[in-house]
4 protein chains.
Amino acid sequence: MKATTKIRVRYNECDPMGVAHHTAYPVWFEMGRTEVLRQSASKVTYRDLEAQGVMLAVVSLEVKYKLPARYDDLLELRTTVTNVGHVKIEHEYQLLREGVLLATGRTTLACLDRNGRPQPVPEILRECQ
Amino acid sequence: MKATTKIRVRYNECDPMGVAHHTAYPVWFEMGRTEVLRQSASKVTYRDLEAQGVMLAVVSLEVKYKLPARYDDLLELRTTVTNVGHVKIEHEYQLLREGVLLATGRTTLACLDRNGRPQPVPEILRECQ
Amino acid sequence: MKATTKIRVRYNECDPMGVAHHTAYPVWFEMGRTEVLRQSASKVTYRDLEAQGVMLAVVSLEVKYKLPARYDDLLELRTTVTNVGHVKIEHEYQLLREGVLLATGRTTLACLDRNGRPQPVPEILRECQ
Amino acid sequence: MKATTKIRVRYNECDPMGVAHHTAYPVWFEMGRTEVLRQSASKVTYRDLEAQGVMLAVVSLEVKYKLPARYDDLLELRTTVTNVGHVKIEHEYQLLREGVLLATGRTTLACLDRNGRPQPVPEILRECQ
């Protein structure tokens, strides 16, 4: 399962070097994950899942920064579900500007209940793979 | 009731103009409110209040920006509780760097229950006045 | 001059009360200002202006919060240029969800040069009024 | 070279799950890097370096999240310079609460000039190793 998200770089996301701060990228990745689920056949959203007691917590994050993004750039984020395990989900990310790769990333999410205990990934997310 | 909070300006709080972004200031004001309560005689924290079902939602915010703050500046935030009404609390803020006033602010918070309905301000907060 | 901007509430913009944190709103207002200029007849962007040495610094911010916004809400921000003076520009904001008003705001920006000294508002911005 | 930084978790850093959002951690790591340099024998700060045209851009970020941090927690961040190469610097991070490890991280920074081109790491940073 894949999704493409358009991201306009906000002024407050940029730092005194004039480029998007490196902590903006994992925020964008999270937007990508939201869109993967919305664009899936399931018609379920993360908001729905959370209302049902399914929490997805980031347990691992990796980002490689290749070229800077700047204020007002219109970026394209490609998000792919790469693995769905028993209690974990992995995503990979490619961030581009006009076809040029700016950054890549990878996250692992753990599926938790309201008390923070691991629970099996719901079937609906398994279908996103 | 008053409190003084030291704030070191973070790199990611600064924008391409090289100064702290204007949206960092209300974040700092919230830190000031946390410290007012912590430094009060009550020994209660906002975290305790929230655990007891007392939510404090900002319903009004005003900031006047006079001089810029920069990365790594060590600022002093003076937070004052100026009024405690039946369901609302007002604070005022002065932000300084080495005695020079950089900005002032004012907020009104409404006291809500877990369902977002107004509830009387707890007695413990009334004593902060 | 007016512009309408669609805003999808991000997960990281929401707080433990489950609603958009009050400091997300002035970030959205800044997005609205960027879009007013982009949608104007001038074909100039804030990014262009900044490259030309025209800095627009927020000197006053006011927000009234009426109803909460939640994660994944699709909001509509209406931004209006209400006054363009010699060195200052005023905007007003209305934030809505499905036609219901959630918040209003107002900002004053000062036009500065690269050294932080006031300079006249460029003619191009005057036409946005 | 090592530094320890105390971090009080801010309300706006926490999300609807009631825990610090995963994107707050790399912000804290950046604070740790600022403090490593400040606490070094060099008496130089990142702010000084940047004024001299030495930019340090994050090119790689890794975070492992083990246990959640919560609003108002007082955390301890241990930052270590693990390698200083010709144009790159590596740091490792340990985030603890009352002696319990919450997260670990690792970053690689590239030393750039004002035009974004690699330049040798200044001698002063080499001494931080």
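Remember, it's a predicted structure, so these values are computed and weren't measured experimentally.

## Remarks on the interface of chain D and chain A
Contact with chain D, which involves 19 residues of that partner, is made by 19 residues of chain A. Among the elements of the structure, α1 (24-38) and β2 (55-65) of chain D are those that each provide at least two residues to the side of chain D that touches chain A. Per element, the largest residue contribution to the side of chain D that touches chain A is ten residues, and it comes from β2(D). Partitioning the side of chain D that touches chain A into residue classes produces twelve nonpolar, four polar and three charged. When strand β2 (residues 55-65) of chain A meets β2(D), the two strands line up antiparallel, connected through five bridges.

## Regarding the relation of the copies chain D and chain A
Turning chain D through 180° and shifting it by 0.0 Å along the axis lays it on chain A, with an RMSD of 0.0 Å. Considering both components of the superposition, the chain copies are consistent with a two-fold axis. Residue D:Glu62, judged by its C-alpha, is the member of chain D lying nearest the rotation axis, at 2.2 Å. Both copies share a contact surface, since 100% of the interface residues of chain D are interface residues in chain A too.

## Here we look at the sheet that holds strand β5 (residues 100-112) of chain C
The ten strands are arranged β1(B)-β3(B)-β4(B)-β5(B)-β2(B)-β2(C)-β5(C)-β4(C)-β3(C)-β1(C) in an open sheet whose pairing can be described as antiparallel. Strands with a single pairing partner mark the edges of an open sheet, and in this sheet they are β1 (2-8) of chain B together with β1 (2-8) of chain C. Within the sheet, the average angular offset between the axes of one strand and its neighbour, ignoring direction, is 25°. Taken together, the ten bridges between strand β4 (residues 88-97) of chain B and strand β5 (residues 100-112) of chain B define a ladder with antiparallel strand orientation. Across the sheet, B:Leu96 pairs through a bridge with B:Leu101, a residue of β5(B). Contacts from helix α1 (residues 24-38) of chain C reach β1, β2 (55-65), β3 (74-84), β4 (88-97) and β5 of chain C within the one sheet, and its direction differs from that of β1(C) by about 135°.

## Some remarks on the relation of the copies chain B and chain A
When chain B is fitted to chain A, the residual RMSD is 0.0 Å, and the transformation amounts to a turn of 180° plus an axial shift of 0.0 Å. Here 100% of the contact residues of chain B are again contact residues in chain A; the copies associate through an equivalent surface.

## Describing the pairing of strand β2 (residues 55-65) of chain B
In terms of strand pairing, β2(B) meets β5(B) through ten bridges, oriented antiparallel. Note that in β5(B) the partner of B:Met55 across the bridge is B:Leu112.

## What to know about the interface of chain B and chain A
If you look at the interface, chain B gives nine residues, while chain A gives nine residues. Among the residues making up the side of chain B that touches chain A, the classes are represented as four nonpolar, four polar and one charged.

## Topic: the environment of C:Glu13
Residue and element names in this part refer to chain C. Position of glutamate 13 relative to the elements: it lies in the loop between β1 and α1. Overall, glutamate 13 belongs to the buried group, with 22 C-beta atoms counted inside 10 Å. In this structure the C-alpha to C-alpha distance between glutamate 13 and tyrosine 71, which are 58 residues apart in sequence, comes to 7.7 Å.

Calculation notes
- Residues take numbers from 1 onward in each chain, read along the sequence in its written order.
- Going through the entries in the order they are written, you letter the chains from A and number the ligands from 1.
- With the structure being a predicted model, the display of local features is reserved for residues of pLDDT at least 70 and the display and counting of side-chain atom pairs for 80 or more, all residues being used for whole-chain, interface and lining totals.
- A pair of residues counts as a contact when their C-beta atoms, built from backbone coordinates, are separated by no more than 7 Å.
- Strands here are runs of E lasting at least two residues and helices are runs of H or I lasting at least four, both read from the DSSP assignment and numbered beginning at the N terminus.
- For this classification, Asp, Glu, Lys and Arg are treated as charged, while Ala, Val, Leu, Ile, Met, Phe, Trp, Tyr, Cys and Pro are nonpolar and the rest, including Gly, are polar.
- Only when DSSP finds a minimum of two bridges between them are two strands counted as paired.
- Copies are brought into register by a least-squares superposition over C-alpha atoms of residues with pLDDT of at least 70 in both.
- Fitting a line to C-alpha atoms yields each axis, with helices limited to the stretch in contact; the angle taken between N-to-C directions then spans 0 to 180 degrees.
- Counting other C-beta atoms within 10 Å of its own, a residue is labelled buried from 20 upward, exposed at 12 or fewer, and partly exposed in the gap between, with every C-beta atom placed from the backbone.

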